[in-house]
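Spelled out from the first residue to the last, the chains are:
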Amino acid sequence: MRSTTPRAALRRVAGALAAAGLLAAGPLALSAPARAAGPVMGFGGPAETALHPYPASGGPQRTSVAITVDNPSRDEEHGRFEGEYTVTFDLGGIAGVAEAVFGTEDGADCEITGTTGVCHDTGLAPGTNPLPELRVGAAAGSRDGDSGTIRVTGTADGAAFAPFTTRIVIGGPDLVMERAPLEQELEPGRTQPFPLAFANHGTRAAEGVVLTLMYTRGIEFTERYENCVYREDDAGQGVPVWTTALCSVEGSYEVGAVYELAEPLMLRATQRAYRDTLVYRIDEAGPGARGAQRAPGARSAPGTAGNVLTLKAVPAVRSSDLDPADNQQEADFSTANTADFAAYGDTASGLPGSTVGADIGFRNEGPAWIGNLRSGDPVATVDFTVPEGASVSAWPGTCRGVTADGQYREQQAGAPRYVCDTSMAVREDAGLALHFDLKIAEAVTGASGKVEVRGARSRDPLLPFDPDRGNNTAALVLNPDDAGDPGAAGGSTSGSSGGGGPTADASAPAASASADATATAAPAGSRAGTGGRLAATGTGAATAAGAAAAALLAGGVLYTAARRRPGH
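Here the structure is a predicted model, which is why all the values come from computation and not from measurement. Every chain begins its residue count from 1, and numbering advances along the sequence as written. Residues qualify for local features only when their pLDDT is at least 70, as the model is predicted, and side-chain atom pairs are given and counted only at 80 or more; totals for whole chains, interfaces and linings, by contrast, use all residues. Water and hydrogen atoms were dropped before computing side-chain values, which therefore reflect all heavy atoms in the structure.

1. Focus: the overall build of the chain
Spelled out, the test is: Here a helix means four or more residues in a row that DSSP labels H or I, a strand means two or more in a row labelled E, and each is numbered from the N terminus. Each residue's exposure class comes from its accessible area (1.4 Å probe, protein chains only) as a fraction of the maximum for that residue type: buried when under 20%, exposed when over 50%, partly exposed otherwise.
Within the chain, the regular secondary structure consists of two helices and 42 strands. A total of 568 residues make up the chain; the buried ones form 52% of that total.

2. Concerning the environment of Met 214
Structurally, Met 214 is set in strand β19 (residues 206-216). Between the C-alpha atoms of Met 214 and Tyr 280, which are 66 residues apart in sequence, the distance is 6.4 Å.

3. Concerning the sheet that holds strand β38 (residues 431-440)
Where we set the bar: Paired strands are those between which DSSP finds at least two bridges. Between the N-to-C directions of two axes lies an angle of 0 to 180 degrees, each axis being a line fitted to C-alpha atoms and, for a helix, fitted only over the stretch in contact.
Read across the sheet, four strands follow the order β29-β31-β38-β34 without closing on themselves; strand pairing throughout is antiparallel. This sheet does not close on itself; its edge strands, each paired only once, are β29 (339-344) and β34 (390-394). Strand after strand, the sheet turns through a mean of 30° between neighbouring axes, direction not considered. Across five bridges, the pairing between β29 and strand β31 (residues 355-367) is antiparallel. For Phe 341, the partnering residue across the bridge sits in β31 and is Asn 364.

4. Comments concerning the pattern of salt bridges
Put simply, the rule is: What counts as a salt bridge is simple: a side-chain nitrogen of Lys or Arg found within 4 Å of a carboxyl oxygen of Asp or Glu.
The tally for this structure, following the rule as stated, stands at 17 salt bridges. A salt bridge links Glu 133 to Arg 135, with the nearest nitrogen and oxygen atoms 3.3 Å apart. Ionic pairing is found between Lys 312 and Glu 260, a salt bridge with its closest N-O pair at 3.7 Å. Of this pair, Lys 312 sits in strand β27 (residues 311-314) while Glu 260 sits in strand β23 (residues 258-261), placing them 52 residues apart in sequence. Three or more residues are tied together by salt bridges with common partners; here these are Glu 330, Asp 332 and Arg 374.

Quick look at the structure:
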């Protein structure tokens, strides 16, 4: 077993989506830890997994039951459990119903003997850890509707494990979302019908369904419905990036039937649209989907009273879903629009030996919002060249010092140049505000440092969405020649001891707290600073490291991931 793997990260996100109704592998369940002297590890996984019935010919179709173990410590540095532990899977409850095997790609020390599976490993990192993949298929002789349970327990010296039970059932509905014919090259203000349709290819009817619509900031539906709950999600960006509508529709959706919306939804590209994504999926209205609607969400709100979204059967010409992978479709939209990233600089004055502050960055003057939600890459980079006669003593945590030609530099303090990435989304009327502290070694009159907002990769510096390149650069000027006394330009002047606050030209563009993200300068010598990566979307909140740093869509599953890019 491995405590952290790429698949582990995907499982953690998939679990979160299942709880939100975006994956239909059944509602997730967690074991309830009991009190114990040492740490108590809790198991997690799907409350129920549906299997395809045993086929008339060939072998059974196996489904992965993703079981995890949670180390309750959240101390990433000291919270790891280093001891050996054993996990036991009691498979007696599924005898005659299903058969289980361990996946071979994990390289884990696991074995199944009779109706017992046992895995051994060492070490559990804080948070959620994946267990070896358990693949389950219907047993020969099993029938539609048969069910049983798998019980998971664990033992270790110095830790306890709360037992966990997951249910396995044969057969069920298999809701399949059809791909909607949508125009994907748009103009701002363009509206088009969205004729959603799905079928049931399973073995039993679905009793009620939940339609999930998830769409990015630049597109919207023209109506909201009484039987939908709407939630806005910042995806770690500080302001809404995604809107999710969870719409419950009652009724029995029969095997072999096809259903469509009684009236098509109307989808509109807003004036801020540029590159946008729509995800749409269908799930049976099980406990997990209903719980997602009841769960408090950021800025959640019901739809419009009296306006009800309904479905109707189309003349046919196929509990937990048998194949959740085909429940979802998605579409990307490209809207003919632009954004204007305008750089701004600052002025400051100081005597030799003093430290002054400067605020630089850029604003998105719109009209479009810009997001790289699939790749998770930064939208842009602020490239700052330090003025002559000064050195940087504190810098934002979202920035890194590089050499004069943009190459890697070990020592971060005093670098001749700093590059500062945005997050993967920048809304209209927002931007990135950065604060630097500079120590004056020599009072060079009119010393100017370049502030440039450019593409995130230095070999491809153009911003494809920004046709106005004339305002992509600005200057940070120290001791401007029209200031006379060095302390007269823009606010206070730091003393020779290096203390004092930042100075700024009152005429420099201000970073509005409601429009720009802010970055906190880091102490001298701090390679990463203390500010963290910033959400350049309209608040001062820093992006959470890792989770929700990027929104990627892969294999029909929306998930988030953080990526470190090579140096600029």
